[in-house]
Amino acid sequence: MKILVVGGGGREHAIIKALKKNPAVDTVYALPGNGGIAADAVCVPIGATEIEKIVAFAAEKKVDYAVVAPDDPLALGCVDELEKIGVPAFGPHKNAAIIEASKAFSKALMKKYGIPTASFETFTNMDKALAYVDKVGAPIVVKADGLALGKGVTVAQTVGEAKRAVREMMAEGKFGASGSTVVIEEYLEGPEVSVLSFTDGSVVVPMVSSMDHKRAHDGDTGPNTGGMGTVAPNPYYTPEVAERCMKEIFLPTVQAMNAEGRTFKGCLYFGLMITGDGPKVIEYNCRFGDPETQVVLPLLESDLLTVMRAVTEGRLRDTEVKFSDRSACCVVLASQGYPVKYQSGCEIVLPATGPDREIYVAGAEVRDGKLLSHGGRVLGCVAVEDTLEEAVRSAYKVADAVKFENGFCRRDIGKRALDALKK
Ligand code: AMP
Ligand code: GLY
């Protein structure tokens, strides 16, 4: 079989490696892939948002199945366009990808269907937004409506900070059209849990839970990033919490999307906060998380391609999706200065990896036979072990064996999860 994967980060590398475990897969094309992915797939220089070129390539190569991983092509309708030429594709249609692409949409959906989330108001008028901030006070959270590379959220501790965020989004166009509508919501407190799920619009099969580490520096300080590391499972996601989530959030969300005529098929990602008042939705993503995927897929014991095709064909109910009860940790090696200002083109030498160890490449290119950094997040160093404590230790061993002088990582990935286990 020929498989096409749209995207070119660490998440896509993890997806490709998992797909390749199926012996029926003989070629994987990555569009655009990256210098590290090139060891596992044929990388083709077509950008993830060049929908017409992606579709033309799929037709030319007669690919059997496609996986559209990033949010942008999903929001642009890449799955719809591939289906039009007869290529089945994993991922939601454009009309369902809106659950991530518009926070105004997802918040209104949750309100209409009684799905627990922070209380909120949506604004297109800046003066009204500023008046609302004054009325509610701080702490308060300001979110740009549209896709903003995970950077469109300001958790403001003061009214001044919140108003500045509103002005930046609505008057100064910091996130372009994505910020012309803003959602202002209640500040929630509690541990965060990421739950990726497979859904075919009928059943929801949650994957093993995980915990992201979004801030750049140790102790959850520094600016927000795309994610500096992950662990799975997340100890805060107890069986009781999982049961409530299924009943109060997961199934109601899928049913709400059906009721709206926007059936969601693919990976639906629930970003949750476990508050004193029960689990609440912080955000939905219409895709696999990055770097959550890098710890979730190594724990998947079932064949990924089989599960994905069952999702696309609406057969998930009859398909086994089995996860290992072991633990995984991913430590991200990023370029010094990320996420603000950083240099690319620095040499990386990867160590050999054995069983239960993976290095997923997020941002690198090959030049003159050398692997060079290319981007902010460069590598995800992953280990799977029987316990979370061992997984964390082993993932750091992998990260420390990488030669990458311009790189840095957080030294406390997994610490919060391990502390929670000790309680
Ligand atoms: P999002 O892009 O919506 O996931 O938001 C990014 C991060 O901002 C989340 O992971 C949370 O840590 C934080 N956040 C978002 N919404 C809230 C909220 N209502 N209360 C507190 N923190 C929030
Ligand atoms: N790690 C969070 C995300 O993929 O959006």
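Here is what the cut-offs are and how they apply
Residues numbered from 1 in each chain as written. Chains lettered and ligands numbered in written order. Predicted model: local features only at pLDDT ≥ 70, side-chain atom pairs only at ≥ 80, totals over all residues. Heavy atoms only, no water. Phe/Tyr/Trp six-rings, centres within 6.5 Å; stacked < 30°, edge-to-face > 60°. Lys NZ or Arg CZ within 6 Å of the ring centre and 35° of its normal. Disulfide = S-S within 2.5 Å. Buried < 20%, exposed > 50% of the residue type's maximum accessible area, 1.4 Å probe, protein only. Core = buried A, V, L, I, M, F, W, Y, C linked by side-chain atoms within 4.5 Å. Helix = DSSP H or I, 4+ residues; strand = E, 2+ residues; numbered from the N terminus. Pairing = 2+ DSSP bridges. Near = heavy atom within 4 Å. Polar contact = N/O pair within 3.5 Å; in protein donor to acceptor, adjacent residues only side chain to side chain. Areas by Shrake-Rupley, 256 points an atom, 1.4 Å probe, with all protein chains shown as cover. Nonpolar A, V, L, I, M, F, W, Y, C, P; charged D, E, K, R; others polar.

One pass over the structure, following the stated rule, counts eight aromatic pairs. Feature note: the residues Phe90, Phe198 and Phe288 constitute an aromatic cluster, connected by ring pairs. Sitting above the plane of the Phe120 ring, Lys111 keeps its charged end 5.1 Å from the centroid.

Applying the stated criterion to the full structure yields zero disulfides. A disulfide-free cysteine, Cys43 has its sulfur positioned 17 Å from the sulfur of Cys78, the nearest such atom. For Cys43, a relative accessible area of 28% translates into the label partly exposed. Here Cys286 is not disulfide-linked; the sulfur of Cys267 is the nearest cysteine sulfur, at 9.1 Å.

In this section: the nonpolar core. Core analysis: the biggest nonpolar cluster contains 47 residues, and Leu4, Leu31, Leu82, Ile99, Phe250, Leu272 and Tyr284 have the highest contact counts within it. Ranked by size, the runner-up nonpolar core spans 45 residues in total, among them Ala14, Val203, Val208 and Met308.

Now for the pairing of strand S4 (residues 65-68). Burial along S4 is two-sided: the face carrying Tyr65 and Val67 and the face carrying Ala66 and Val68 are both buried. Inspection of the sheet shows strand S1 (residues 2-7) paired to S4 by four bridges, in the parallel sense. Bridge assignment links Ile3 to a residue of S4, and that residue is Tyr65. As paired elements, S4 and strand S5 (residues 89-90) share two bridges and run parallel to each other. Each residue of the ladder has a partner; that of Ala66, found in S5, is Ala89.

Moving on, we come to the site of ligand 1. Of all residues adjacent to ligand 1, which total 15 residues, the nearest are Glu185, Glu186, Leu188, Glu192 and Glu283. Within the contact set of ligand 1, an oxygen atom lies 2.4 Å away from a side-chain nitrogen or oxygen of Glu192. Notes on ligand 1: free accessible area 480 Å², of which the protein chains cover 91%. Of all the secondary structure elements, the ones that give two or more residues to the shell around ligand 1 are strand S7 (140-144), strand S8 (153-156), strand S9 (182-186) and strand S17 (278-285). Its residues assigned to classes, the shell around ligand 1 shows eight nonpolar, no polar and seven charged.

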